[in-house]
Amino acid sequence: MGHVIVVGAGQAGSSCVAKLRNGGFDGEVTLIGAEPVPPYQRPPLSKAYLLGDMSLERLFLRPEAFYADKRVTLRMGTEIESVDTAARTVTLPGETLSYDELVLTTGSTPNRLPASIGGNLEGVFVVRDLADVDAMAPRFKQGAKVLIVGGGYIGLEAASVAAKLGLDVVLVEMADRILQRVAAPETSDFFRALHRGHGVDIREGVGLDRLLGEGAVSGARLTDGTEIAADFVIVGVGIRPGVALAEAAGIEIDNGIKVDAQGRTSAPHVWAAGDCTSFPYRGGRIRLESVPNAIDQAEVVAENIMGAGKDYVAKPWFWSDQYDVKLQIAGLNSGYDRVVTRRVAADSVGFWYYRGEELVAVDAMNDPRGYMVGKRLIEAGRSPDPMAIADPATDLKALLKA
Ligand SMILES: Cc1cc2nc3c(=O)[nH]c(=O)nc-3n(C[C@H](O)[C@H](O)[C@H](O)COP(=O)(O)OP(=O)(O)OC[C@H]3O[C@@H](n4cnc5c(N)ncnc54)[C@H](O)[C@@H]3O)c2cc1C
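Scoring rules and cut-offs
Along each chain, numbering runs from 1 in the same order as the chain's sequence is written. Whole-chain, interface and lining totals are the exception, using all residues; otherwise, since this is a predicted model, local features are given only for residues with pLDDT of at least 70 and side-chain atom pairs are given and counted only at 80 or more. Where side-chain values are given, they derive from all heavy atoms of the structure, hydrogens and water being excluded. The helix and strand labels rest on DSSP assignments: H or I over at least four residues marks a helix, E over at least two residues marks a strand, and numbering proceeds from the N terminus. Only C-alpha atoms enter the radius of gyration; for comparison, a globular chain is expected to reach 2.2 Å times N to the power 0.38, where N is the number of residues. Each residue is placed in one exposure class: buried if its accessible area under a 1.4 Å probe, protein chains only, is under 20% of its type's maximum, exposed if it is over 50%, and partly exposed if it falls in between. Contacts are assigned to residue pairs that have any heavy atoms within 4.5 Å of one another. Here the accessible surface of atoms and residues is derived via Shrake-Rupley with a 1.4 Å probe, and residues count as covered only by protein chains that are part of the display. Neither His nor the chain ends is counted toward charge; the positive residues are Lys and Arg and the negative residues Asp and Glu. Each charge is placed at NZ for Lys, CZ for Arg, CG for Asp and CD for Glu. These domain boundaries are the output of an automatic or database domain assignment. Accessible area that two parts lose when put together, with a 1.4 Å probe and added across both, is what the buried area reports. Basic side-chain nitrogens of Lys or Arg form a salt bridge, by our definition, when they fall within 4 Å of a carboxyl oxygen of Asp or Glu. A 3.5 Å cut-off defines polar contacts: any pair of N or O atoms within that distance qualifies, except that in protein one atom must be a possible hydrogen donor and the other a possible acceptor, and neighbouring residues in sequence count only when both atoms are side-chain atoms. Three classes are used, and their members are as follows: Ala, Val, Leu, Ile, Met, Phe, Trp, Tyr, Cys and Pro are nonpolar, Asp, Glu, Lys and Arg are charged, and the others, Gly among them, are polar. Two strands form a pair only when DSSP identifies at least two bridges running between them. Lines fitted to C-alpha atoms define the axes here, with helix axes fitted over just the stretch in contact, and angles between the N-to-C directions of these axes take values from 0 to 180 degrees. By this rule the span expected of a helix is its residue count minus one, scaled by 1.5 Å. We define proximity as follows: a residue is near a molecule or strand when any one of its heavy atoms falls within 4 Å of that partner. Here the term patch refers to residues with relative accessible area over 30% and no salt bridge, with like charges joined within 9 Å and nonpolar side chains (Val, Leu, Ile, Met, Phe, Trp, Tyr) within 5 Å.

A. Examining the overall build of the protein chain more closely. Summing up its helical and strand segments, the protein chain has twelve helices and 26 strands in all. Taking 2.2 N^0.38 as the reference for a compact globule, 402 residues should give roughly 21 Å; the C-alpha atoms of the protein chain span a radius of gyration of 22 Å, in line with that estimate. Projected onto its principal axes, the C-alpha positions of the protein chain cover 65 × 60 × 35 Å. With 402 residues in all, the protein chain has 53% of them scored as buried. Pairs at least 24 apart in sequence give 59% of the contacts found in the protein chain among residues at least 6 apart. Of the roughly 17,200 Å² of accessible surface on the protein chain, a fraction of 49% belongs to carbon and sulfur atoms. Seen as two clouds, the 42 positive and the 52 negative side-chain charges of the protein chain have centres 4 Å apart.

Here you go:
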């Protein structure tokens with residue numbers, strides 16, 4: 001049945017090998033990852049794990065024994081240096097391995113601040129890998145001053161943990177409002193108020209001019225000329241898809257490794273899944289940065305390696321935890337022109353995004369029912385009357401039957 005090599009031992013890579021074995025694939029399976037630990041969940045890195053509420057063991061997606069039991073050769077701490085798609089080989093330090101099918105699940109790389117503005121000073125962190133979080137965690141001491149650069153979900157989650165642990169938190173966002181790239185002003189307003197209520201100093205519409213310090217960071221100068229002191233800095237300014245290996249191998253890139261609906265790249269016998277890909281979606285092409293996408297797409301790739309011939313149909317959803325608020329997002333809000341507010345209780349609200357008459361996404365804060373119903377309606381291509389959504393007396397579940 002041949003040898004499947006999966007490069008990138010993260011969420012997608014782990015899901016792919018598990019699905020291969022659970023689906024009865026009997027050939028050789030090798031999972032290779034640059035990090036020194038078995039595949040783990042990233043979402044808790046900026047939530048429960050950083051807060052100290054979750055152990056390392058619980059972070060792992062599967063116990064290490066799982067891989068041996070399933071006859072998956074797990075090679076950790078091993079970075080693949082190159083792929084030869086003609087010879088069907090991958091090269092790692094001092095070794096070349098042959099594959100019959102190759103799956104690239106290389107994830108994404110966090111953007112860093114350039115050294116020219118102090119990005120290389122000691123005490124400046126990104127939040128991507130376990131090692132990043134283990135390195136910053138000892139700094140989370142009551143009274144310490146942290147500057148967070150970037151008001152996206154990662155920055156806001158880090159701010160939430162820091163505020164909960166009693167740090168003095170300043171968050172700067174260059175855009176006019178936090179979450180501008182991903183959410184409506186209503187959602188930004190909700191989270192701004194939440195953070196300010198917990199003492200976070202949120203500054204919007206102001207960028208970072210440069211970080212200050214000799215060797216180690218001691219503060220920052222903002223674009224409005226203000227200087228602030230900081231014991232350490234967390235940078236959450238987006239990620240780039242991990243395309244370097246594929247690109248060097250001559251595989252087509254289009255805002256990520258370009259795959260077809262079944263997960264095939266432009267090179268024969270090479271597949272890709274997860275954060276590193278862009279794939280067909282509703283007549284266009286998208287790239288998603290989320291756990292559900294990594295799992296579902298990787299599982300479809302595994303099935304297709306076994307001959308299923310199945311298309312991946314993404315059903316986007318996402319979540320974020322900040323303080324005692326659970327945000328759940330269904331759908332994609334791109335192109336929305338109207339937001340309908342459904343307030344269920346003082347701390348429970350949903351923002352429903354419409355594009356014309358079509359419901360395209362829901363942001364639900366402490367509103368699991370709104371999220372669940374919204375998700376099912378969006379997936380079914382059904383759009384309830386906005387007036388009914390805005391009325392808290394409307395029985396949402398009845399909309400599913402209507
Ligand atoms: C702090 C944080 C919080 C998040 N919170 C949420 C959330 O709440 N909800 C949600 O849905 N998503 C969340 N995400 C996003 C989610 O974790 C990712 O979308 C998901 O991990 C993507 O899985 P992946 O397998 O594609 O990539 P990854 O999990 O990043 O795995 C890729 C792996 O490939 C390895 N690799 C890359 N190149 C090579 C190479 N050449 N050789 C060997 N190995 C290589 C990398 O080291 C990495 O371990 C969060 C992410 C972070 C960082």
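Additional details are given in the paragraphs that follow.
B. Structural context of the domain arrangement of the protein chain. Assigned domains within the protein chain: domain 1 (3-109 + 240-305), domain 2 (112-235) and domain 3 (324-401). Between the C-alpha centres of domain 1 and domain 2 there is a distance of 30 Å. Between domain 1 and domain 2, the residue contacts involve 15 residues of the former and 16 residues of the latter. For the pair domain 1 and domain 2, the summed buried surface comes to about 1,400 Å²; carbon and sulfur atoms form 62% of the total. The interface formed by domain 1 and domain 2 includes three salt bridges. For lysine 47, the salt bridge is made with glutamate 157, and the minimal N-O distance between the two is 3.1 Å. If you look at where domain 1 meets domain 2, you find seven residue pairs in polar contact (both at pLDDT 80 or more). Elements represented by at least two residues in the side of domain 1 that touches domain 2 include exactly helix H2 (48-51) and helix H3 (56-59). Here the side of domain 1 that touches domain 2 gets three residues from one element, more than from any other, and that element is H2. A per-class count over the side of domain 1 that touches domain 2 returns eight nonpolar, two polar and five charged.

C. Just the sheet that holds strand E5 (residues 89-92), in detail. Across the sheet, three strands lie side by side as E4-E5-E6; this open sheet has antiparallel pairing. Every other strand in the sheet has two partners, leaving strand E4 (82-84) and strand E6 (95-98) as the edge strands with one partner each. Geometrically, the sheet is characterised by an average inter-axis angle of 25° between neighbouring strands, direction not taken into account. Sheet topology note: the E4/E5 ladder contains three bridges and is antiparallel. The residue bridging aspartate 84 from the neighbouring strand is threonine 89, located in E5.

D. Focus on the sheet that holds strand E21 (residues 284-286). In spatial order, the strands read E18-E20-E21; together these three strands make up an open sheet with mixed pairing. Taken across any chain shown, the strands that pair with only one partner, and hence form the sheet edges, are strand E18 (257-258) and E21. Sheet topology places E18 next to strand E20 (residues 277-281); two bridges connect them, and they run parallel. Bridging across to E20, lysine 258 finds its partner in serine 278.

E. Inspection of the environment of valine 291 at higher detail. Looking at where valine 291 falls in the secondary structure, it is placed in helix H9 (residues 291-305). C-alpha of valine 291 to C-alpha of arginine 382: the two residues are 91 residues apart in sequence and 25 Å apart in space. Once residues within four sequence positions are removed from consideration, valine 291 is found in contact with Gln11, Pro43 and Trp319.

F. A look at H9. Over its 15 residues, H9 extends 21 Å from the first C-alpha to the last, a length consistent with the 21 Å expected when each residue adds 1.5 Å. The set of residues buried in H9 consists of Val291, Pro292, Asn293, Ala294, Gln297, Ala298, Val300, Val301, Ala302, Glu303, Asn304 and Ile305. Where H9 is buried, its residues touch strand E1 (3-7), helix H1 (11-22), strand E7 (101-104), strand E19 (270-272), E20 and strand E22 (317-322). Downstream of H9 by a residue or two, glycine 307 has a phi angle that is positive, lying close to 100°.

G. Quick peek at the site of the ligand. Inspection of the region around the ligand gives 32 residues, with Ala12, Glu35, Lys47, Arg128 and Asp275 positioned closest. Separating an oxygen atom of the ligand from a backbone N or O atom of alanine 12 is a distance of 2.7 Å. Threonine 105 is positioned with one of its backbone polar atoms (N or O) 3.5 Å from an oxygen atom of the ligand. Coverage of the ligand by the protein chains reaches 93% of its 990 Å² of free accessible surface. Looking at the shell around the ligand, the elements with two or more residues in it are H1, H9 and E22. The greatest single-element share of the shell around the ligand, amounting to three residues, is contributed by H9. Grouping the constituent residues of the shell around the ligand by class yields 14 nonpolar, eleven polar and seven charged. In terms of domain composition, the shell around the ligand takes at least three residues from each of domain 1 (3-109 + 240-305) and domain 2 (112-235).

H. Fine view of a positive patch on the surface. Where like charges cluster on the molecular surface, the positive patch consists of Arg369, Arg376, Lys397 and Lys401. The set of elements that each furnish at least two residues to the positive patch consists of helix H10 (368-379) and helix H12 (396-401). Within the secondary structure, lysine 397 is located in helix H12.

I. Representation of the side chain of serine 14 in the model. Of note, serine 14 is situated in helix H1. By relative accessible area, which is 0% here, serine 14 ends up buried. Here serine 14 is in contact with Leu31, Pro39, Leu61, Arg62 and Tyr67, once residues within four sequence places are set aside.

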